[in-house]
Amino acid sequence: MDEPQLRFMQKEVARGIREIYERQTRQATNKLDSLRKSSRAEAEGRSLLDELRAPQVRVWSGAAGVYASLNYPMYIRFLDMKHLGNFRIFNRIIWRHLYGVTFNRIRFEYSAEVRQWLDNTLREIMNQRNTNFSK
């Protein structure tokens, strides 16, 4: 992969992860508002909400492509279970957003990014050329 392609993919993956955390935070907030105040799920949900608001995410590009590292609390996958709160916060949000939104952006919007980059580069070159001729 060339450098502009890697930069674009890295930017889109980071954007997608940010959006996933935002959606998970909204979902957790909405679910916590509907739970009883003394329930175990509510207590775990508050802890989860704190962690979702301060995510530990790292996105970088390497020789083979773009990589991402995310730290989630171990129990987040279990909060999707009905008897532990039915948060619908892990699989549904992550996979739907990654495959439905982020990967499609990478697949279909890269050409628009390249067109915009070419347009900006050509305009910059022409502006420099016009400036040099006017001296």
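Just so we're clear, the structure is a prediction, and the values are computed from it rather than from any experiment. (Residues numbered from 1 in each chain as written. Predicted model: local features only at pLDDT ≥ 70, side-chain atom pairs only at ≥ 80, totals over all residues. Heavy atoms only, no water.)

Note that strand β1 (residues 56-62) and strand β2 (residues 65-71) share 7 bridges and pair antiparallel. What sits directly across from R58, in β2, is S69. Where β1 folds back on β2, the antiparallel hairpin that results is connected by 2 residues. (Pairing = 2+ DSSP bridges. Helix = DSSP H or I, 4+ residues; strand = E, 2+ residues; numbered from the N terminus.)

Where side chains of opposite charge bring their charged atoms close, a pairing between them can arise. On inspection of all chains with the given rule, the structure shows 6 salt bridges. A salt bridge links R15 to E19, with the nearest nitrogen and oxygen atoms 3.5 Å apart. Placement of both R15 and E19 in helix α1 (residues 3-34) is noted, with a separation of 4 residues, approximately one turn of the helix. With a closest N to O distance of 3.1 Å, D119 and R123 form a salt bridge. Here the residue D119 and the residue R123 both occupy positions in helix α3 (residues 91-134), the gap between them amounting to 4 residues, near one helical turn. It is possible to trace a salt-bridge network through shared partners that takes in E12, R15, E19 and R105. (Salt bridge = Lys/Arg side-chain N within 4 Å of Asp/Glu carboxyl O.)

Quick look at the environment of T25 now. Locating T25 in the fold gives a position in helix α1. Measuring from C-alpha to C-alpha, the distance between T25 and R53 comes to 6.9 Å, with 28 residues separating the pair along the chain. Excluding anything up to four places from it in sequence, T25 contacts L49, L52 and R53. (Contact = heavy atoms within 4.5 Å.)

Moving on: a nonpolar patch on the surface. Together, W95, Y99 and F103 give the surface a local cluster of nonpolar side chains, amounting to about 330 Å² of exposed area. By the element assignment, F103 lies in helix α3. (Patch = residues over 30% accessible without salt bridge, like charges linked within 9 Å, V, L, I, M, F, W, Y side chains within 5 Å. Areas by Shrake-Rupley, 256 points an atom, 1.4 Å probe, with all protein chains shown as cover.)

Before going further, it helps to spend a moment on the side chain of H97. Position of H97 among the secondary structure elements: in helix α3. Ignoring anything within four residues of it in the chain, the contact list for H97 reads G16, E19, I20, R23 and T102.

With that out of the way, let us pick up the side chain of Q24. Considering the arrangement of structural elements, one finds Q24 in helix α1. When sequence neighbours within four positions are dropped, the list of residues in contact with Q24 reads L52, Y72, I76, I89, F90, I93 and I94.

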